[in-house]
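Summary of the model geometry
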Amino acid sequence: MTSLADIWPPFGLTLTTPRLSIRPVFDDDIPAAVAAARSGVHEPGKSPFSTPWTDLPDHELAPNMAQWYWRCRANFTKKSWTLLLAVWNDNEFLGVQDVGAKNFNTLKTVGTGSWLKQSAQGQGFGKEMRAAVVSYAFDYLGAEVAESEAASWNQQSLGVSTSLGYEPNGIFREGWGDTVEEVQKVRLTPTTFKRPDWTLKVQGHEAFSSYLGIGQLPAGD
């Protein structure tokens, strides 16, 4: 029987770390994602996101999140893609880790972003899920650079970056909603990456990389 992963290969990708299962957000996961976001992601009035989606009232938050997941799938091409990955600890939905790229076959560069519900913060999950997607990008996709960014005041996010070996890559000013923020860009390479003491387990890589038009690397599935 044909599965969804057969139709859309990104659905077959799963990254496994000692504590986490990280896989694409399915439609059946959206209610759990909405519940996690509604439980709180940050202190009120202190959004760490360039688009303050978490500040939306509940009746707008849910459809906005669903539309974002669907939009990323619909706009997914070999030249420009964003993969939204649900982060699970046992059967608990913790948040979302994304990884994406533009013109990857030439630039070999990925960008990442993420969110965790507040009850899951401060336990090392943010570092573990970022390390997972960065390891995957470097070791399986053949990325040469991983980039991220955060508001200059967001020491929690920047601390995760520093702990993994990211280096500062410039500060710029950007309008976030009605405010202006100083945003710190950071950059990581395989050489500077402070690898975790565990080995990432990957399923579904061959079909996913083929779908992206990326040559197979020795790491395999």
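Let us look at the structure shown here. (Residues numbered from 1 in each chain as written. Predicted model: local features only at pLDDT ≥ 70, side-chain atom pairs only at ≥ 80, totals over all residues. Heavy atoms only, no water.)

Considering the nonpolar core
Core analysis: the biggest nonpolar cluster contains 45 residues, and L15, W81, Y136 and F208 have the highest contact counts within it. For this core, the secondary structure elements donating two or more residues are strand 3 (80–89), strand 4 (92–102), strand 5 (109–116), helix 5 (125–141), strand 6 (145–151), helix 6 (155–163), strand 8 (179–188) and helix 7 (205–212). No other element matches the 11 residues that helix 5 contributes to this core. Residues in contact with W81, not counting those within four places in the same chain, are F76, V99, G100, A101, F104, L141, F208 and L212. With 18 residues, the next largest nonpolar core counts A37, L61, M65 and V96 among its residues. (Core = buried A, V, L, I, M, F, W, Y, C linked by side-chain atoms within 4.5 Å. Buried < 20%, exposed > 50% of the residue type's maximum accessible area, 1.4 Å probe, protein only. Helix = DSSP H or I, 4+ residues; strand = E, 2+ residues; numbered from the N terminus. Contact = heavy atoms within 4.5 Å.)

A closer look at the pattern of salt bridges
A complete count under the given rule lists seven salt bridges for this structure. Two residues, D27 and R73, come together in a salt bridge whose shortest N-O distance is 2.9 Å. Of the two residues, D27 sits in the loop between strand 2 (21–24) and helix 2 (30–38) while R73 sits in helix 3 (residues 58–74), which places them 46 residues apart along the sequence. For D27, a relative accessible area of 40% translates into the label partly exposed. (Salt bridge = Lys/Arg side-chain N within 4 Å of Asp/Glu carboxyl O.)

Here we look at the sheet that holds strand 8
Sheet architecture is open: nine strands sit in the order 7-8-6-5-4-3-2-1-9, paired in mixed fashion. Two strands close off the open sheet at either side, each with one partner strand: strand 7 (167–176) and strand 9 (201–203). Here the average twist between neighbouring strands, direction ignored, is 25°. As paired elements, strand 3 and strand 4 share 10 bridges and run antiparallel to each other. Its bridge partner lying in strand 4, A86 is registered against V96. (Pairing = 2+ DSSP bridges. Axes fitted to C-alpha atoms, helices over the stretch in contact; angles between N-to-C directions.)

Remarks on the packing of aromatic side chains
Following the criterion strictly, the structure yields 12 aromatic pairs and no others. Consider the rings of W81 and F208, whose centres lie 6.1 Å apart with planes at 90°: the pair is edge-to-face. In this pair, W81 is assigned in strand 3 and F208 in helix 7, connecting sequence segments 127 residues apart. W81 sits in the buried class, given a relative accessible area of 3%. On the accessibility criterion, F208 (1% relative accessible area) is buried. (Phe/Tyr/Trp six-rings, centres within 6.5 Å; stacked < 30°, edge-to-face > 60°.)

Examining the side chain of R130
Mapped onto the fold, R130 is located in helix 5. Although R130 lies buried, it forms no salt bridge, and the closest oppositely charged side chain, D98, sits 8.8 Å away as judged by the N-O distance. Side chain to side chain, R130 and Y166 meet in a polar contact 3.4 Å long. (Lys, Arg positive; Asp, Glu negative; His and termini not counted. Polar contact = N/O pair within 3.5 Å; in protein donor to acceptor, adjacent residues only side chain to side chain.)

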